[in-house]
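The primary structure of each chain is shown beneath.
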Amino acid sequence: MDKNDELYKAGLLLHGHKCPAMPMGLRAGLAALEALGVPRAADGQLIALIEIDSEHCATCYADGIQMATGCTFGKGNIRKLGYGKFVLTLVEVKTGRSVRVATRNEVIKRNQESEFILYRKQGIPASKIDLALVEPNIDFILDAATEDLFKIGPVTEIKLPAGRPHDFNTIICAACGEVAVERYARVKNGQIVCMPCAEKN
Ligand SMILES: [Zn+2]
Ligand SMILES: [Zn+2]
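Rules of the game
Residues numbered from 1 in each chain as written. Chains lettered and ligands numbered in written order. Predicted model: local features only at pLDDT ≥ 70, side-chain atom pairs only at ≥ 80, totals over all residues. Helix = DSSP H or I, 4+ residues; strand = E, 2+ residues; numbered from the N terminus. Buried ≥ 20, exposed ≤ 12 C-beta atoms within 10 Å, placed from the backbone. Core = buried A, V, L, I, M, F, W, Y, C linked by C-beta atoms within 7 Å. Domains from an automatic or database assignment. Contact = placed C-beta atoms within 7 Å. Expected span 1.5 Å × (residues − 1).

### Quick look at the overall build of the protein
So, step 1. The helix and strand inventory of the protein stands at eight helices and 10 strands.
So, step 2. With the C-alpha coordinates aligned to their principal axes, the bounding extent of the protein is approximately 60 × 45 × 30 Å.
So, step 3. Taking all 201 residues of the protein together, the buried fraction comes to 32%.

### Description of the nonpolar core
So, step 1. Counting 41 residues, the largest nonpolar core has Ala28, Ala32, Ala48, Tyr61, Ile65 and Leu88 as its most contacted members.
So, step 2. Here the element with the most residues in this core is helix H2 (residues 21–36); it accounts for 10 residues.

### Re the domain arrangement of the protein
Interface size is commonly expressed as the accessible surface area that is lost when the partners come together.
So, step 1. The domain boundaries assigned to the protein delineate domain 1 (6–157) and domain 2 (170–199).
So, step 2. The distance between the C-alpha centroids of domain 1 and domain 2 comes to 38 Å.

### Considerations on the environment of Leu81
So, step 1. As for its placement among the helices and strands, Leu81 is situated in the loop between strand E2 (78–80) and strand E3 (87–92).
So, step 2. Sequence-distant contacts of Leu81, defined by excluding residues within four places in its chain, comprise Leu49, Ile50 and Glu51.

### As for helix H6 (residues 131–143)
So, step 1. When the terminal C-alpha atoms of H6 are compared, their 18 Å separation across 13 residues agrees well with the 18 Å that a helix rising 1.5 Å per residue should span.
So, step 2. For H6, the secondary structure elements touched by its buried residues are H2, helix H4 (105–112), helix H5 (115–121) and helix H7 (146–149).

Structure follows, in structure tokens:
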């Protein structure tokens, strides 16, 4: 992938700093789309299941996946499985066809051993680290052959739990006056309120 690639540039804009994990997510997402033979999800056509959790290395991976696959936090078609692993399973909702794209151990190890990570371990934010240290890691991820970065599993069918239709009904909280989706409304002292107001004493 070229650094002038629209997806890379948009990924950087979304993500905010230069690091190897965001591009790793871009490459994983693109590899999964290619394996399934499907385009980026304009709506909820795809679901991304990612095995990362929170507060650990390389979670930036998820932003690359959002960017490449169109499975986003806002659309709600991306889920973290919380295993602390750098694996993406992309599912085509209509057919249940899925592919599992696992980042190769050597790729993770290469990043772990980079100077960039030494600084990150000292608690230095990625945006404050000399770009000369991070660019070679990014170049490696962008330029490597897909099969050198990932183990790509066979396309298999999986069963997704049935989704629910979207709610469009809203209420206005009697206590704070803010709008909330009706399903989240509570009754407190005979008044319809939002969840935070219901929990207040
Ligand atoms: Zn990052
Ligand atoms: Zn309220």
